[in-house]
Amino acid sequence: MHLPGEIAGSPAAGRAFSGLPRIASALAAAGLVAAAVAASQIAPSAPASPDAGPAACTAAILSGAVYNPRDASCDPDGRIFVLDRTARVFVVGADGVIERIVDMPEKRNGNPQGICVSGSGELYVADTHCNRVLVFSPRGQLVRSWGSYGDGPGQFRYVTSVAVWRDGRVYAAEYGGNDRIQVFREDGTWLGSFGRRGSEPGALDRPSGLALAPCGRLYVADSCNHRIQVFDLEGRFLSAFGRRGAGAGELNFPWDVDITPSGEVVVVEYGNHRLSWFGRNGDFLRSAMGPGKEEGMLNCPWGVAAGPGGEVYVADTCNDRIVAIPASDSDSRSGHGRPRGGPGYSDAGRGRFPAGSAGTGSFKR
């Protein structure tokens, strides 16, 4: 048995996954990396559907090494961090080699659901069924944690996702009856909360993914309301987009969200088994993938991460793999990637609900 942060004695540890994560320039792969496939990507003007078909070019990472991956995150150096159902985080370097496997300190409950790499390189984990947030050093050592089961300030029912702002503020989503976003200092000091369970603008029903845009907007995958909601850093509701369905711009259990280097909003849909891209205003751009086990398709995906070169990584949960889409296919414009919450685009989105309507206002303190 190894301690959290040590390299596991798994056959996967130290194994090279060639051509990744810089997949845009090197799709030829070996070992556990599937070959690239070519197929048509749905055009922005075409109607989206759950069987939209594979993305134009994809590769599968960690096939056979991860079990039910829940989420992924990237750092500015091109490392990929993959969280799976067995409470492990795989850290894959820019050279395609697994650098380490980080275990959660308690694994009996399993099922942690969200990870985020901060600007300082620390790894934040939403340890869902242990009702807490864990923070690991860049070397994989547990340095602090906070949270317990409950409804009070700083407590969680089931924490699902974490996002870290550039000043160290930590946003954590939870569900289970007290569906809300809590805000902390980086040391775990509670600052406030916003949101409540419901379907009106500003209310939440199982928020499952968070992404901070560089302009100071928090995007929330409001999964059981089948929409993306946008708040400012104080918790004021700004806008929302999406409704339940399989058509263009519609969403079916959006489970996670991230911001690409050029400012597009990429959403992974558990119910439609696909990715959908939106503009800064919430305007639908395109969708790709659909249900299936073959390369370039998805099976109940949970997480999405935009990489430092514009590539997109998807936690293809029930296919036990990470699907990578190169920048040329994932992002309509070139740019230099940043981790969640890093510098980037600057204008706020506009949605289908008027700003300030029936929202939660500034967060509770």
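Residue numbers run consecutively from 1 along every chain, following the written order of its sequence. Where totals are concerned, whole chains, interfaces and linings use all residues; where local detail is concerned, this predicted model gives features only for residues with pLDDT of at least 70, and gives and counts side-chain atom pairs only at 80 or more. Just so you know, side-chain values use all the structure's heavy atoms and leave hydrogens and water out.

For the overall build of the chain, give the residues involved together with the corresponding values.
Here a helix means four or more residues in a row that DSSP labels H or I, a strand means two or more in a row labelled E, and each is numbered from the N terminus. Within the chain, the secondary structure is distributed over one helix and 25 strands. Within the chain, the fraction of its 365 residues that count as buried is 61%. Any pair of residues with heavy atoms lying within 4.5 Å of one another is described as a contacting pair. Contacts in the chain between residues at least 24 apart in sequence constitute 54% of all its contacts with a sequence separation of at least 6. To measure how exposed things are, a 1.4 Å probe is used in the Shrake-Rupley method; for residues, cover is taken only from the protein chains shown. Taken as a whole, the chain presents about 12,600 Å² of accessible surface, with 50% of it coming from carbon and sulfur. Exposure classes here rest on a 1.4 Å probe applied to the protein chains alone. A residue is buried below 20% of its type maximum, exposed above 50%, and partly exposed in between.

Describe the sheet that holds strand S19 (residues 254-259), and please don't skip the residues or the numbers.
Here the rule is simple: two strands pair whenever DSSP picks up at least two bridges between them. Pairing in this open sheet of four strands is antiparallel, and the strands run S19-S20-S21-S22 from one edge to the other. Because the sheet does not close on itself, it has two edges, and the strands there are S19 and strand S22 (284-288). Geometrically, the sheet is characterised by an average inter-axis angle of 20° between neighbouring strands, direction not taken into account. Axis definition: a line fit to C-alpha positions, over the contact stretch in the case of helices; interaxial angles, taken between N-to-C directions, run 0 to 180 degrees.

Can you explain unusual backbone geometry? Please cite residues and give values.
Trans is the common state for peptide bonds, and a negative phi is the common state for residues other than glycine. Positive phi outside glycine occurs at Arg 206, with the angle close to 55°. Within the secondary structure, Arg 206 sits in the loop between strand S14 (190-194) and strand S15 (207-213).

Explain the nonpolar core residue by residue, including any values.
Proteins that are soluble and globular tend to have nonpolar side chains buried together. In terms of nonpolar packing, the biggest core is built from 17 residues, with Ile 61, Leu 62, Val 82, Phe 90, Tyr 313 and Ile 322 touching the most fellow members. Elements represented by at least two residues in this core include exactly strand S3 (69-74), strand S4 (80-84), strand S5 (88-92), strand S6 (98-103), strand S24 (312-316) and strand S25 (321-325). Nonpolar cores were defined as sets of buried Ala, Val, Leu, Ile, Met, Phe, Trp, Tyr and Cys residues, with membership established by side-chain atoms within 4.5 Å.

Explain the side chain of His 226 residue by residue, including any values.
With respect to the helices, strands and loops of the structure, His 226 is situated in the loop between strand S16 (217-222) and strand S17 (227-232). For His 226, a relative accessible area of 7% gives the class buried. For this analysis, a polar contact is any N or O atom pair within 3.5 Å, provided that within protein one partner can donate a hydrogen and the other can accept it, and provided that sequence-adjacent residues contribute only side-chain to side-chain pairs. Within polar-contact distance, the side chain of His 226 engages the backbone nitrogen of Phe 253 at 3.1 Å. Ignoring sequence-local partners within four residues, the contact set of His 226 consists of Gly 242, Arg 243, Arg 244, Leu 251, Asn 252, Phe 253 and Pro 254.

Requested: an account of the packing of aromatic side chains, with residues and values cited.
Two rings belonging to Phe, Tyr or Trp (six-membered ring only in the last case) form a pair when the distance between their centres is within 6.5 Å. Interplanar angles under 30 degrees mark stacking, angles over 60 mark edge-to-face geometry, and anything in between is tilted. Using the criterion set out here, one finds 11 aromatic pairs in the structure. Judged by centre distance (5.9 Å) and plane angle (70°), the rings of Phe 278 and Phe 284 are edge-to-face. Among the aromatic residues, those joined into a cluster by ring pairs are Phe 253, Trp 255, Tyr 270 and Trp 302. Over the aromatic face of Trp 302 sits the side chain of Arg 70, whose NZ or CZ is 4.0 Å from the ring centroid. Lysine NZ or arginine CZ positioned within 6 Å of the ring centre and within 35 degrees of the ring normal marks a charge as sitting over the ring. Here the basic side chain of Arg 206 rests over the ring of Tyr 175, its NZ or CZ set 4.0 Å away from the ring centre.

How would you summarise the pattern of salt bridges if you had to cite specific residues and measurements?
The salt bridge criterion pairs a side-chain nitrogen of Lys or Arg with a carboxyl oxygen of Asp or Glu, the two atoms within 4 Å. The tally for this structure, following the rule as stated, stands at 21 salt bridges. Close ionic contact of Asp 75 with Arg 79 constitutes a salt bridge, the shortest N to O distance being 3.1 Å. The class of Asp 75 is buried, set by a relative accessible area of 8%. A residue is classified by how much of its surface remains accessible, and Arg 79, at 27% relative accessible area, is partly exposed. Each member of the salt-bridge network shares a partner with another, and the members are Asp 75, Asp 77, Arg 79 and Glu 99.

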